[in-house]
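Each chain, letter by letter, is given below.
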Amino acid sequence: MSISDTAGMSRRRILRGTLGTAFATVLAGCAGGDDDETGNGNGNGNDTGNGNGNGTGNGDGEEDEIDPEDLEEVDVTYQSFTDVDPTNEDGNFFAADHWASRPPNIDLVNDPFWLAGTDQPGIFEELEKVDDSEFRIHLADSSWSNGEPVTGEDVAIFLNLHKLMFGWDPQTMEEEGEPGAWFYGIEEFDWDGSTMIARSPNEWFSEYSELELRNSVRYGDYNLEHNRFQHRDSLEEGLEIASDAAPNDDPYHADAQSAVEEWWWDVHLQNQFEWPDAIVSGIFQIVELTEGEWVLEKNPHHRNADKVNFEELVLEWREDADAQWTGLQAGHADGVDQISTPAHIVSEFSGNYTQSLTPGNEGAALNFNHDNEWLNHQEVRQAIAVALDFDLIAQTDHEFASQALPYPVPVSIDLQEDLDFSGFFDYANTEENIEWAEARLQDAGFYRDGMNWHTPSDEPLQFELITDDNTPEIELQVLTQLEDFGIQGELSPLDEATYEDRIGIPPEYQMSMASWSQYGRATENPAYLYHDWLRWRGYYGNETNYWTEDDIQEAVDAGDLEWATAEEGERAEYPEDYTAGDVERFTVEAPPVGDFEGDLQEYPIVSMYIEGADRLDSEGQEAVLEHQRELAWVYHWDMPRIPFFETFFQGFQKQDGWVIPDEDADAWRLQPAQLLADGQIQADPDA
């Protein structure tokens, strides 16, 4: 292995994001794809993980129910950290009511619709599709901090404002034949107590199954807010401005949207709401801002108020992760959320903390350029997968906070547990599998000369791995393991600009580090295993060249696909028209599902993706799971890229002084703030 001269590198950006997605993106049903470090994907994650972190795990332990009648009130303050300065008026927290109702830990002050990325509801209890013209959102029994009940009208105001600002106008929906997003299709907002009723006389909801609608709510990251989005007067004012701007008094007309946006951002958000009067939906509310602290008190009207036996919570401002780690090491915080913490620092924490580990549904992967003469050989990609020790690579990333995928398929460990992997090859780095990989290479004409592999044209089998990471530990681990197997490698550290050029179009690399991303569950997201193959690799200009340019151009010329267009520097949108037929060029060969040594057959990826979405309602969850199994099988056989491990979001909760769930409880898949909001962390009266 060699390392070429470096021109300076920037820190690798993969796995460095935040949990959840923007509101408009999620409501529009736009889940993120695999991110190959071009900065164009929606991969969100960080250096966090699942595993053996400081006394906790991701077990299946039962969670103890807390009986409110047994709680004794304790005069104690829960201490946490934030990197948001409460006195910095330049931040958007001080734009109008942001700072009053949206502190750094928003889940504490405003109830999440759903605990993002989990199966646990927040203030939304269920979404029900009645028929193609109506669906309903049922809310938990809760109240605002002023004592008024949370109603379906509050949610209707929320969605109506967003439709007003972001939705397609009726003419566009007619021209496109679909609403663009499920909430754009709401034509009539109604409510009945704690239920919001969405109606569409034009039956725009026929475009979405109940599972897809539910998924849009369950895997979003947004909260029920009063002043900013839930203010009744705001909606009335916005509707009036929109109607005045529209030629036909229709507030949803395309001509009205710019007027509404201008009003919202430039006028409405300048109206100041005094923080003592901010109305919130969460378990805590802001009562004071000091030079270095956000001071919050329990909201006595919240549905979980009787499960919280202390009154005050303080978010202390510490400007960066180093300052927060120092505080944790000294035991100065009771709990901290989503703090990416290196393994050696976790090991030094005092105060007996339990680590929470929230699945990130993403992780690191090894990208191949399939235009390379030898990486285009499936046998080579399979041999590389066998040669690499995923557990060791995961430990290299984070000893406590990354976990190797059981199978090299780009979906979460949770989802892999749901799917049937019987008959799959495990690609484990064992002596038996190494012998299998060697036989595969030999059958393809490769041979060993001494310890090293050579190509059928008598050249050394060797590849360049490019990186823009200042500390390329994973890359070095990958190359070391490949060298042990007999495949030579060269690490090429690049500056960020050069790296971006090399992984762009056309790609000028052989291997690079990337990330995989997967949102939602198997039964609600058919074909997520392959959505990047078609949507990102095919429609978006073939970023990693899984399909050759000639193959895609043939499909375009035949009318089976249309190129997407985009402004310079922007990602293209999906093609407006395409055919979901069995395009010969968009097939992958693999043995029959479950028979790894069987005869190869063709799997049409295009039709598999389109067909999968249609089968949600017609055939149900079992059919979707089987569809996922088929997609996983083809991916796992063809190995277009190698996903190594899943990363998780870290949080830390002090054990001393608090009654918390058992260490092996599923509760620790949530962050401490979410557990507080859910009434699962209590002050210990005996401390």
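Cut-offs used in this document
Residues numbered from 1 in each chain as written. Predicted model: local features only at pLDDT ≥ 70, side-chain atom pairs only at ≥ 80, totals over all residues. Heavy atoms only, no water. Helix = DSSP H or I, 4+ residues; strand = E, 2+ residues; numbered from the N terminus. Buried < 20%, exposed > 50% of the residue type's maximum accessible area, 1.4 Å probe, protein only. Polar contact = N/O pair within 3.5 Å; in protein donor to acceptor, adjacent residues only side chain to side chain. Salt bridge = Lys/Arg side-chain N within 4 Å of Asp/Glu carboxyl O. Core = buried A, V, L, I, M, F, W, Y, C linked by side-chain atoms within 4.5 Å. Contact = heavy atoms within 4.5 Å. Phe/Tyr/Trp six-rings, centres within 6.5 Å; stacked < 30°, edge-to-face > 60°. Lys NZ or Arg CZ within 6 Å of the ring centre and 35° of its normal. Expected span 1.5 Å × (residues − 1).

### Here we look at the environment of His398
Next up, step 1: Among the structural elements, His398 can be located in the loop between helix H12 (390-397) and strand E13 (402-404).
Next up, step 2: A relative accessible area of 4% means that His398 is categorised as buried.
Next up, step 3: Taking C-alpha positions, His398 is 6.0 Å from Ala343, a pair spaced 55 residues apart along the chain.
Next up, step 4: At 3.1 Å, the side chain of His398 and the backbone nitrogen of Phe400 are in polar contact.
Next up, step 5: A polar contact is formed between the side chain of His398 and the backbone nitrogen of Ala401, at a distance of 2.9 Å.

### Structural notes on the pattern of salt bridges
Next up, step 1: Following the criterion strictly, the structure yields twelve salt bridges and no others.
Next up, step 2: We note a salt bridge from Asp132 to Lys129, for which the minimum N-O separation is 3.1 Å.
Next up, step 3: Across the pair Arg629 and Asp420 runs a salt bridge, and its minimum N-O distance is 3.7 Å. Taken together, the residues span a long stretch of sequence, with Arg629 in helix H19 (residues 605-638) and Asp420 in the loop between helix H13 (413-418) and helix H14 (431-443) at a distance of 209 residues.
Next up, step 4: Here the salt bridges do not stand alone but share partners, grouping Glu134, Arg136, Asp190 and Arg199 into one network.

### Describing the nonpolar core
Next up, step 1: Membership of the largest hydrophobic core comes to 56 residues, with the highest contact counts inside it found for Leu366, Ile384 and Phe644.
Next up, step 2: When sequence neighbours within four positions are dropped, the list of residues in contact with Phe644 reads Ala364, Ala365, Leu366, Leu388, Phe390, Ile393, Ala404, Leu405, Val478 and Met513.
Next up, step 3: Counting 40 residues, the second-largest nonpolar core is a separate cluster that includes Ile123, Leu164, Trp182 and Leu235.

### Thoughts on the environment of Thr480
Next up, step 1: Topologically, Thr480 is positioned in helix H15 (residues 473-485).
Next up, step 2: Relative accessible area serves as the criterion here: at 33%, Thr480 is assigned to the partly exposed category.
Next up, step 3: Distance in space between the C-alpha atoms of Thr480 and Leu388 is 9.3 Å, their sequence separation being 92 residues.
Next up, step 4: Of note is the side chain of Thr480, whose polar atom sits 2.8 Å from the backbone oxygen of Leu476.

### A few points about helix H11 (residues 378-387)
Next up, step 1: Most of H11 is tucked away: ten of the ten residues are buried.
Next up, step 2: Residues of H11 that are buried include every one of Gln378, Glu379, Val380, Arg381, Gln382, Ala383, Ile384, Ala385, Val386 and Ala387, and no others.

### Regarding the packing of aromatic side chains
The relative placement of two aromatic rings is captured by the distance of their centres and the angle of their planes.
Next up, step 1: According to the stated counting rule, one finds 24 aromatic pairs in the structure shown.
Next up, step 2: On the numbers, 5.1 Å between centres and 25 degrees between planes, the contact of Phe425 with Phe596 is stacked. Of this pair, Phe425 sits in the loop between H13 and H14 while Phe596 is found in the loop between strand E19 (587-590) and strand E20 (601-604), placing the two residues 171 residues apart along the sequence.
Next up, step 3: Classification of Phe596 as buried rests on a relative accessible area of 9%.
Next up, step 4: Aromatic side chains Trp436 and Phe596 sit 5.7 Å apart centroid to centroid with 50 degrees between the ring planes, which places their arrangement in the tilted category. On the criterion of sequence distance, the pair formed by Trp436 in helix H14 and Phe596 in the loop between E19 and E20 is long-range, its members being 160 residues apart. Phe596 shares its class with Trp436; the two are buried.
Next up, step 5: Of the aromatic side chains, those joined through ring pairs into one cluster are Tyr407, Phe421, Phe424, Phe425, Tyr427, Trp436, Phe596, Trp633 and Trp637.
Next up, step 6: Above the ring of Phe485, the side-chain terminus of Arg448 is found at 5.5 Å from the ring centroid.

### Let's talk about the side chain of Thr195
Next up, step 1: Following the sequence through the fold, Thr195 ends up in strand E6 (residues 195-199).
Next up, step 2: Thr195 has contacts with Arg136, Ile137, His138, Gly152 and Asp190, leaving out every residue within four places of it along the chain.

### Describing H14
Next up, step 1: Here H14 is 13 residues long and its end C-alpha atoms lie 19 Å apart, about the 18 Å a rise of 1.5 Å per residue gives.
Next up, step 2: Remark: Gly445 follows H14 within two positions and exhibits a positive phi of approximately 95 degrees.

### Points about the side chain of Ser142
Next up, step 1: Looking at where Ser142 falls in the secondary structure, it is placed in the loop between strand E4 (134-139) and helix H4 (152-166).
Next up, step 2: Setting aside chain neighbours within four positions, we find Ser142 in contact with Asp111, Ile123, Pro149, Val150, His302 and Arg303.

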